[in-house]
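Here is how the chains run, residue by residue.
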Amino acid sequence: MIALDAQSIAQTTPTGNAIAQAVMAGWTLGPVVHCVLLRRGFNQVYELRFASGLHAIARLCAERPRGEPNIAYETALLTHLRASGIPVAAPLPAADGTFSVAVALPEGARALLLFEFLPGDPPGESLVDLEATGRGLAQLHGAAQGYEGPDSLYTLDLPLLLDASLQRLLTAPTVDEALGREFSALAGALRTRFAALPGLTRVHCHGDCHGSNNFMTDGADGPTGSQGGAGSEGRRVAAFFDFDDAGPGLLAYDLSVYLWVLLPRSLETPLSAPVLERWTRYLAGYTSVRPVPAADLVAIAPCLALRHFWVIGEYAGRIPVWGTQAMPTHWLRKQVPLMLAWMELPRADELVAAAPAVPVAPAH
């Protein structure tokens, strides 16, 4: 038998039973009767049920390319939002009063957090739910203006989203010299574009509001301080979770994330009418609560490329865990033309009128 050095382990995946034992040791919530791995992505996420009937979600933080987890900011922001009446998955305090416990694993200690379980389903293609999601994000941004807790370790701006991502890309085994030049030139074009857009609105961003990090439920009333009537369709309420990528940053970036996930998957595929309608309703929901200045609407197009750049950079930083086939060279060659096309999209609120002439391509 050959023994590997613990430092050579990129990332282990504990079983549900192991996480249940860690939770019972770190929280005073009683026996865990069910714990199962839900997904393994940037982090490992588990569903738990307690003997008391409590339903919760555990997140085992993984090593991220950006650095250590943003726990103090994330948990304080969630606590503030919940106190402000915004439906979010609030963190559950551990026995020592903090919101995380360290779990010893072969690769080193990793932080474990526990959150409330949110009922409901993602908005999917429901126009009513997508409008409610946009409305809910606007309410979240509004409530977060009063946040006065710990500073974030990260800011969702060009140094994190673009510059750091480029550096990881340039060292990836699947990025050859020619690709490196293309991505570097694109990064330069993005810097020039944003330099011409001064004074963009800044908010406390969710950071990953792509339509699968919020669940929808019926509600007679919206969150405290909500605006915008439900009309004959009734009011649907969006509750948000997964704030691991939250941080202060550009409003245009936070809005762009949903459009980014909607875009077609090839340059030859135009934006369809149903996709455009989903984006229109999402943006209408947002602006029913908070206006979006014209400059921020213009900035959404380059933010699409910025978002995609960041995602590719995340893949590059996780090659030891996910492997090189997560970002093969033949796929990477298609991404620069894709992002250049996105940068030339019309203003975000004018996409419907321009749709027949818009060639775009999607996220990986």
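Residues numbered from 1 in each chain as written. Predicted model: local features only at pLDDT ≥ 70, side-chain atom pairs only at ≥ 80, totals over all residues. Heavy atoms only, no water.

Asker: I'd like to hear about the pairing of strand 1 (residues 32–40), residue by residue, with values.
Answerer: The pairing of strand 1 with strand 2 (residues 44–50) spans 7 bridges and is classified as antiparallel. Across the sheet, cysteine 35 pairs through a bridge with leucine 48, a residue of strand 2. Turn length for the strand 1-strand 2 hairpin, with the two strands adjacent in sequence and antiparallel, is 3 residues. (Pairing = 2+ DSSP bridges. Helix = DSSP H or I, 4+ residues; strand = E, 2+ residues; numbered from the N terminus.)

Asker: Tell me about the confidence of the model for the protein, and name the residues and values.
Answerer: Any residue range with low pLDDT should be treated as having predicted coordinates unsuitable for detailed reading. Per-residue pLDDT for the protein averages 91, and the proportion of residues at 70 or more is 92%. Scored below 50 in pLDDT, residues 222–233 makes 20 contacts in the model with residues more than four places away or belonging to other chains. Note that residues 354–364 has pLDDT below 50 and, in this model, 41 contacts with residues that lie over four places away or in other chains. (pLDDT = per-residue confidence, 0-100. Contact = heavy atoms within 4.5 Å.)

Asker: Could you give me a rundown of the environment of glycine 120, with the residues and numbers involved?
Answerer: The topology assignment puts glycine 120 in the loop between strand 5 (108–116) and helix 3 (127–144). Exposure remark for glycine 120: the relative accessible area of 35% places this residue in the partly exposed category. Spatially, the C-alpha atom of glycine 120 lies 27 Å from that of arginine 307, the residues being 187 residues apart in sequence. If near-sequence neighbours (up to four positions away) are discounted, glycine 120 is found in contact with Phe215, Met216 and Thr217. (Buried < 20%, exposed > 50% of the residue type's maximum accessible area, 1.4 Å probe, protein only.)

Asker: Give me the nonpolar core: which residues, what numbers.
Answerer: Side chains of a nonpolar character, in soluble globular proteins, are inclined to be buried together. With 96 residues, the main nonpolar core has Phe183, Trp279, Phe309 and Met327 as its most contacted residues. Setting aside residues no more than four positions away along its own chain, methionine 327 makes contact with Leu169, Ala172, Thr174, Val175, Ile312, Tyr315, Ala316, Ile319 and Leu332. (Core = buried A, V, L, I, M, F, W, Y, C linked by side-chain atoms within 4.5 Å.)

Asker: Before we move on, can you summarise the pattern of salt bridges with the specific residues and values?
Answerer: In this structure the tally under the stated criterion is 24 salt bridges. Between aspartate 244 and arginine 66 there is a salt bridge, with its nearest N and O atoms 3.1 Å apart. Here the residue aspartate 244 occupies a position in the loop between strand 8 (236–240) and strand 9 (247–250), and arginine 66 occupies one in the loop between strand 3 (55–60) and helix 2 (71–83), the gap between them amounting to 178 residues. For arginine 66, a relative accessible area of 17% corresponds to the buried category. Arginine 278 is the salt-bridge partner of glutamate 125, the closest N and O atoms lying 3.6 Å from each other. Residue glutamate 125 is found in the loop between strand 5 and helix 3, and its partner arginine 278 is found in helix 7 (residues 273–287); the two are separated by 153 residues along the sequence. A relative accessible area of 59% means that glutamate 125 is categorised as exposed. Each of Arg59, Arg64, Arg66, Glu74, Arg168, Asp244, Asp245 and Glu314 takes part in a single network of salt bridges with overlapping partners. (Salt bridge = Lys/Arg side-chain N within 4 Å of Asp/Glu carboxyl O.)

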